[in-house]
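Structural description and commentary
Here is what each chain is made of, one letter per residue.
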Amino acid sequence: MSLGGFVCFAVAMCVTVGMVASWASGPVSRKRVERFARRQRLDVTATNGDQIIRYLATTRRWRVAGVAVVYSLAITVEVLTYQVDRNVVLATLFAGWFTGTLVAEIRVAHLARGARPAASLQPRRPRSYLSRPAWALVPVAAGIAVAVAAATVVARTLHRADPDWSAVVWPVVALATAGVVRAIQRAVLHRPQPPAAPDALAADDAIRSRSLHVLAGGGTALVLLCVTAQLDAMHAVDGGSVQVWRAVGVGLAAFLGWRVASAPWPTRRAGPGAAAPTTGTPVAQ
Amino acid sequence: VIIEIDPGSPTPPYEQIRGQLATMIATGAVPPGAHLPSIRQLAADLGIAANTVARAYRELELAGLVASRVRHGTTVTATPPALPATEVHRRLDEAARTYVTTAHQLGVGAEEAAEAVRAALRTGSPGQRT
């Protein structure tokens, strides 16, 4: 690349990243808050409104940061190597978005503890926040990755094909992704929830539920995208039908991920421990 | 049902948790068969080490009040015999005397001290909030 071209490219990147950063740090729109409340069937009150806005701002900031970083890296690599692959860019952008999501879930604020630490004795279980099938999706996707890897190895052995790195790397990436997503799902489930005002607790439960849905949907889609990449190794020995399956798999993974991540889920909050002294202000993000 | 930790108390946190849970089980506030939160959840909510909660659960298990099973968590096994009325009164009297001593040490009058108790009863106390 010539010096002039590189300077133009660098300026364009800076402007793009600056515009994205400016948008990501702006106020959260009322429409987004209302959509969140509608999905969780949550009443937004003066007590929990700020809590929800902070959550939406934190997740938006980190997701956009993930996309911006990965986009910049991908474009830089493509410009330097003169190779453009739209499929790789789209999958990479999604991976960046999801990486931002994972970081955001670690950074999301939890309710502040009072002067005397207190806790409800009500167990927090996954099924309180998302459906059983949605909770099982990530391990199932990891299982599919293992099954496809085994099938690929068998097929390649039978056809005496040459070793292919994608047959080994993608299953490992898929399993690592599933492991990280599961660990963060558990961290979200065990995020501190000290006693607080009922509407603050309801908002905290709604946030937890939305986080678990996004992690389940996004994590499953990412693991399944790794599975479709594994199919490249199969393609060498099985011809065109694998490419069709791959295209179908990408579409299904994207649809399933979006469907699970955006699924409505009424916040279930009842019984003991629901009400207590008000301490409900979010702390550090 | 809520449990609290008093950071200023000379009683170790694990003993505070054990004592409150034992009392709640004895009074039926936590009924037999009820699932207790996981060690990790309770530790996160209280902001203490998981080992502290694990020790409290272990002591409760040794006392036969709870049972822990892998993948099923910790459940209350059975309600021990209810405390006799005399024992309830003795414990209440003991707690009241401790409170009065503290009020005297703070130079608080009888009416003000009684009002503080009434206020605490109105807002609820550990193990009674719902």
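This one's a predicted model, so the numbers in the text were calculated from it and none came from an experiment.

A few words on the overall build of chain A. Secondary structure assignment for chain A yields eight helices and one strand. Looking at chain A as a whole, 46% of its 285 residues are labelled buried. Considering only intrachain contacts with a sequence separation of at least 6, the fraction spanning at least 24 residues in chain A is 85%. Carbon and sulfur atoms make up 68% of the accessible area of chain A, which amounts to about 14200 Å² in all.

From N to C terminus, chain B includes five helices and four strands. Listing each helix as α and each strand as β along chain B from the N terminus yields β-α-β-α-α-β-β-α-α. Sorting the 130 residues of chain B into buried and exposed places 28% on the buried side. Within chain B, counting contacts between residues at least 6 apart in sequence, those at least 24 apart form 51% of the total. In chain B, which carries 12 positive and 12 negative side-chain charges, the distance between the mean positions of the two groups comes to 9 Å.

Before going further, it helps to spend a moment on a nonpolar patch on the surface. A grouping of Trp165, Val168, Val169, Val172 and Val173 of chain A is seen on the molecular surface, where their side chains present a nonpolar patch of about 470 Å² in accessible area. Among the secondary structure elements, Val173 of chain A is positioned in helix H6 (residues 166-189).

Right, let's get into helix H1 (residues 13-27) of chain B. All names here are of chain B. Its 15 residues give H1 an end-to-end C-alpha distance of 21 Å, which sits within 8% of 21 Å, the value for a rise of 1.5 Å per residue. Those residues of H1 lying buried are Tyr14, Gln16, Ile17, Gln20, Leu21, Ala22, Met24, Ile25 and Ala26. Contacts made by the buried residues of H1 are with strand S1 (2-4), strand S2 (35-36), helix H2 (39-46), helix H3 (50-62), strand S3 (66-69) and strand S4 (73-76). After H1 finishes, the residue Gly28 shows a positive phi value of roughly 85 degrees.

All names here are of chain B. It is at 8 Å that the axes of H2 and H3 come closest, and there the two elements cross at 125 degrees. Between H2 and H3, the angle is such that the two are oblique. Note on packing geometry: the crossing formed by H2 with H3 is right-handed. Residues Ile39, Leu42 and Ala43 of H2 pack against Ala50, Val53, Ala54 and Tyr57 of H3. Of the residues in the contact of H2 with H3, the class split is seven nonpolar, no polar and no charged.

A few words on the packing of aromatic side chains. Residues and elements named next belong to chain A. Throughout the structure, instances matching the rule amount to five aromatic pairs over all chains. Taking the centre distance of 6.1 Å and the plane angle of 45 degrees together, the rings of Phe255 and Trp258 count as tilted. Of this pair, Phe255 and Trp258 are both found in helix H8 (residues 240-261), three residues apart, which corresponds to roughly one turn of the helix. The partly exposed category is assigned to Phe255, whose relative accessible area is 47%. Taken together, Phe94, Trp97 and Phe98 form an aromatic cluster joined through their ring pairs.

This part covers the pairing of S3 of chain B. Residue and element names in this part refer to chain B. Sheet topology places S3 next to S4; four bridges connect them, and they run antiparallel. Pairing of Ser68 across the sheet is with Thr74, part of S4. Joining the antiparallel neighbours S3 and S4 is a turn of three residues, in which Arg71 adopts a positive phi near 70 degrees.

With that settled, consider the confidence of the model for chain B. All names here are of chain B. Counting all residues, the mean pLDDT for chain B is 86, and 91% of those residues have values of 70 or more. Mean pLDDT across the secondary structure elements of chain B bottoms out at helix H4 (residues 85-105), with 86, and peaks at H3, with 94. Reported confidences for the modelled complex are a pTM of 0.77 and an ipTM of 0.72.

With that settled, the discussion passes to the pairing of S4 of chain B. The pairing of S2 of chain B with S4 of chain B spans two bridges and is classified as antiparallel. Looking at S4 of chain B, one finds that His35 of chain B is bridged to Thr75 of chain B.

Contacts between the two partners involve 25 residues from chain A, matched on the other side by 23 residues from chain B. Of the roughly 2000 Å² buried between chain A and chain B, counting both surfaces, carbon and sulfur atoms make up 55%. Linking chain A with chain B are three salt bridges. For the salt bridge of Glu4 of chain B with Arg116 of chain A, the shortest nitrogen-to-oxygen distance reads 3.7 Å.

Moving on, we come to H2 of chain B. Burial analysis of H2 of chain B places six of its eight residues in the buried class, which makes it a mostly covered element. Every buried residue of H2 of chain B is listed here: Gln41, Leu42, Ala43, Ala44, Asp45 and Leu46 of chain B. Against strand S1 (118-120) of chain A together with S1, H1 and H3 of chain B lie the buried residues of H2 of chain B. Count one or two residues on from H2 of chain B and you reach Gly47 of chain B, which has phi positive near 70 degrees.

Our focus in this paragraph is the sheet that holds S4 of chain B. All names here are of chain B. With antiparallel pairing, the three strands of this open sheet are ordered in space as S2-S4-S3. Both edges of this open sheet fall to S2 and S3, since each of them pairs with a single strand only. Here H3 sits on the sheet and contacts S2, S3 and S4; the angle it forms with S3, its principal contact strand, is near 115 degrees.

What counts as what
- All residue numbers refer to positions counted from 1 along the written sequence of the respective chain.
- Whichever chain is written first is A, and whichever ligand is written first is 1; the rest continue in order.
- For a predicted model such as this one, the threshold for reporting local features is a pLDDT of at least 70, and the threshold for listing and counting side-chain atom pairs is 80 or more; totals across whole chains, interfaces and linings nevertheless cover every residue.
- Only hydrogens and water are set aside; all other atoms, that is, all heavy atoms of the structure, feed into the side-chain values.
- To qualify as a helix, a DSSP run of H or I must reach at least 4 residues; to qualify as a strand, a run of E must reach at least 2; elements of each kind are numbered from the N terminus.
- In this scheme, a residue with accessible area under 20% of its type's maximum is buried, one over 50% is exposed, and one in between is partly exposed, where area comes from a 1.4 Å probe on protein chains only.
- Whether two residues are in contact is decided by their heavy atoms: any pair within 4.5 Å suffices.
- Using a 1.4 Å probe, the Shrake-Rupley method yields the accessible areas, and only the shown protein chains count as cover for residues.
- By the counting scheme adopted, Arg and Lys are positive, Glu and Asp are negative, and His together with the chain ends is not counted.
- Working definition for charges: the position is that of NZ of Lys, CZ of Arg, CG of Asp or CD of Glu.
- Two joining distances apply to patches: 9 Å for like charges and 5 Å for nonpolar side chains (Val, Leu, Ile, Met, Phe, Trp, Tyr), and every residue must have over 30% relative accessible area and no salt bridge.
- When a carboxyl oxygen of Asp or Glu is within 4 Å of a side-chain nitrogen of Lys or Arg, the pair counts as a salt bridge.
- To estimate the expected span of a helix, subtract one from its residue number and multiply by 1.5 Å.
- Where helices are involved, their axes are fitted lines through C-alpha atoms of the stretch in contact, as for all axes, and angles between N-to-C directions lie from 0 to 180°.
- When an angle is under 35 degrees it counts as roughly parallel; over 145 it counts as roughly antiparallel; between 65 and 115 it counts as roughly perpendicular; any other value is oblique.
- For any helix crossing, the convention is left-handed if the near helix is rotated counterclockwise from the far helix by under a right angle, and right-handed if that rotation is clockwise.
- Note that Gly is not counted as nonpolar here; it falls among the polar residues with everything else outside the nonpolar set of Ala, Val, Leu, Ile, Met, Phe, Trp, Tyr, Cys and Pro and the charged set of Asp, Glu, Lys and Arg.
- Working definition: a ring pair exists when centres of Phe, Tyr or Trp rings (six-membered ring for Trp) sit within 6.5 Å. Plane angles under 30 degrees give stacked, over 60 give edge-to-face, the rest tilted.
- Whether two strands pair depends on DSSP finding at least two bridges between them.
- Confidence per residue, as judged by the predictor, is encoded in pLDDT with a range of 0 to 100.
- Once two parts are joined, some of their accessible surface, as seen by a 1.4 Å probe, is lost; buried area is that loss totalled over both.

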